[in-house]
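What follows is each chain in one-letter form.
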Amino acid sequence: MELYLDSANLKEIEEGFKLGFLNGLTTTPTFMQREGITDIDGMIVKLSKIVPVLQIEALGDTAEDVVKEAHRQLKLGLDPKKTVFKIPVSLEGVRACKLLRNDGLLVNVHLVYTLQQAYMAMQAGATYVCPLVGRSQDQGYDTLALVKQCVDTVKNYGYDTKIMFSSVRYPEHVRNAIAAGAHTITVPLKIIKMLTENHLTTIGTDQFLQDTRLMTMTVGEALNGKNPVVSADTNVKDAIVKMTEFGFGAITVTNADKSIKGVFTDGDLRRLLQSGGEASLNKKLGDLQYNQSISIESSALLNDASALFKKTNVDTILVTDGGKPVGMLDIQDLKA
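Residues numbered from 1 in each chain as written. Predicted model: local features only at pLDDT ≥ 70, side-chain atom pairs only at ≥ 80, totals over all residues. Heavy atoms only, no water.

### Concerning the overall build of the chain
Helices and strands together make up the secondary structure of the chain, namely 15 helices and 14 strands. Computed over the C-alpha atoms, the radius of gyration of the chain is 35 Å, more than 25% above the 20 Å expected from 2.2 N^0.38 for a compact globule of 336 residues. Projected onto its principal axes, the C-alpha coordinates of the chain cover approximately 100 × 40 × 35 Å. Residues classed as buried in the chain amount to 44% of the 336 residues present. Considering only intrachain contacts with a sequence separation of at least 6, the fraction spanning at least 24 residues in the chain is 56%. Counting only carbon and sulfur atoms, one obtains 52% of the accessible surface of the chain, whose full area is about 18100 Å². The chain carries 36 positive and 39 negative side-chain charges, and their two centres are separated by 1 Å. (Helix = DSSP H or I, 4+ residues; strand = E, 2+ residues; numbered from the N terminus. Rg over C-alpha atoms; globule rule 2.2 N^0.38 Å. Buried < 20%, exposed > 50% of the residue type's maximum accessible area, 1.4 Å probe, protein only. Contact = heavy atoms within 4.5 Å. Areas by Shrake-Rupley, 256 points an atom, 1.4 Å probe, with all protein chains shown as cover. Lys, Arg positive; Asp, Glu negative; His and termini not counted. Charge placed at Lys NZ, Arg CZ, Asp CG, Glu CD.)

### Structural notes on helix 4 (residues 63–74)
With 12 residues, helix 4 should cover 16 Å at 1.5 Å per step; its first-to-last C-alpha distance of 17 Å lies within 8% of that length. Of the surrounding elements, those touching the buried residues of helix 4 are helix 3 (40–48), strand 3 (54–57), strand 4 (83–88) and helix 5 (91–102). (Expected span 1.5 Å × (residues − 1).)

### Some remarks on helix 9 (residues 171–180)
Listed as buried for helix 9 are H173, V174, N176, A177 and A180. Buried positions in helix 9, seen along its axis, are confined to an arc of 160 degrees and lie on one side of it. Counted as exposed and oriented over 90 degrees from the buried face of helix 9: I178 and A179. As for helix 9, its buried residues are in contact with helix 7 (133–138), helix 8 (143–157), strand 7 (162–165), strand 8 (184–187) and helix 10 (189–192). Backbone geometry just downstream of helix 9 places G181 in the positive-phi region, at approximately 80 degrees. (Arc of directions from axis to C-beta.)

### Points about the environment of V174
Residue position: V174 is located in helix 9. Placed 21 residues apart in sequence, V174 and L195 show a C-alpha to C-alpha distance of 8.3 Å. Among all residues touching V174, those that are not within four sequence positions of it are V168, I185, V187, I191 and L195.

### Comments concerning the sheet that holds strand 7
As summarised here, the arrangement of the eight strands in space is 1-2-3-4-5-6-7-8, forming a closed barrel in which the pairing is parallel. Each strand axis lies, on average, 30 degrees off the axis of its neighbour in the sheet, ignoring direction. Bridge count between strand 2 (residues 24–26) and strand 3: two bridges; the pairing is parallel. Across the sheet, the residue bridging to L25 is L54, located in strand 3. Lying on the sheet, helix 4 is in contact with strand 3 and strand 4; it crosses strand 4 at an angle near 155 degrees. The strands touched by helix 9 within the sheet are strand 7 and strand 8, with strand 8 carrying the most contacts at an inclination of about 175 degrees. (Pairing = 2+ DSSP bridges. Axes fitted to C-alpha atoms, helices over the stretch in contact; angles between N-to-C directions.)

### A closer look at the environment of S7
Looking at the secondary structure, you find S7 in the loop between strand 1 (2–6) and helix 1 (10–17). Here S7 falls in the buried class, since its relative accessible area comes to 3%. S7 sits 25 residues away from M32 along the chain, and the two C-alpha atoms are 8.5 Å apart. Contacts of S7, omitting those with residues within four sequence positions, involve E12, I13, L25, T26, T27 and F31. A distance of 2.9 Å separates a polar side-chain atom of S7 from the backbone nitrogen of N9. (Polar contact = N/O pair within 3.5 Å; in protein donor to acceptor, adjacent residues only side chain to side chain.)

### Quick word on the packing of aromatic side chains
Following the criterion strictly, the structure yields two aromatic pairs and no others. Ring centres of Y4 and Y128 lie 6.2 Å apart, and the angle between their planes is 80 degrees; on these two criteria the pair is classed as edge-to-face. Taken together, the residues span a long stretch of sequence, with Y4 in strand 1 and Y128 in strand 6 (residues 128–131) at a distance of 124 residues. Neither residue differs from the other here; Y4 and Y128 are each classed as buried. With a centroid separation of 6.4 Å and an interplanar angle of 45 degrees, the aromatic rings of Y157 and Y159 are classed as tilted. (Phe/Tyr/Trp six-rings, centres within 6.5 Å; stacked < 30°, edge-to-face > 60°.)

What follows is the structure, encoded as structure tokens:
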């Protein structure tokens, strides 16, 4: 199924065609008016140079007027093999379609709302027949059935016509077009951007990225640059201030020779206050007893750190480099 962009916004058009797989662009005078475009011919020429196929309006009161307008636009420098002239369906419109097709030009008969209109366009040799789905549904019509009937008519009678699904309002319309067997669909950029989105896909992708990060990034690379270290002669009150400044629930306590004495945590603080009260705030960190520090070398992979977090059930791990403290790894640092 061909995929067209439906727009007159130059920024959108340039962005859309960077995807590399759009077949062409459909645009309308209404789109251009909304964008504040006054030089329609200039815009048409500009667009023709940046899109593979350009579908533009050819308007007129009679078939001859429509044909004259199409040839006038061609003289602007458009490539007849890459330009499709859009004509609203009417008796004069389908007659103009036949005349233009006799000249070897490409035609899209659009603003189609009934199978009879579509049939007349097919019989006149239209390259495309374009039911407006969203707009028709707004009026309460079963336009999805119409699209399917148009596709079946092409198949049943061998018409060399492509059914273009247009007036797309939701991603669901794209699914409807595919299910109905439409040959072409023209879609606004905001809808195209939504077509690859799915919550489960996002979850799966995030998990793959997270697992790859765990297996390839070292602990040192994941550190936030802060190294919460205080000397053993620091009192508990000052240690609380340092813990707050560093933003960790723990600080590393070092001896005079920079060796690690232990890690003082917010859990240690609570237990100390419970046992000794306010007087405990004046104690030196070097006078406290410490369990063996839970630590990991900065060269280890995050995967190893993840396993250590699970094994010890802590939220923060001391990171060392050759036995010297270089930072703290929080469990949240495992995530990108």
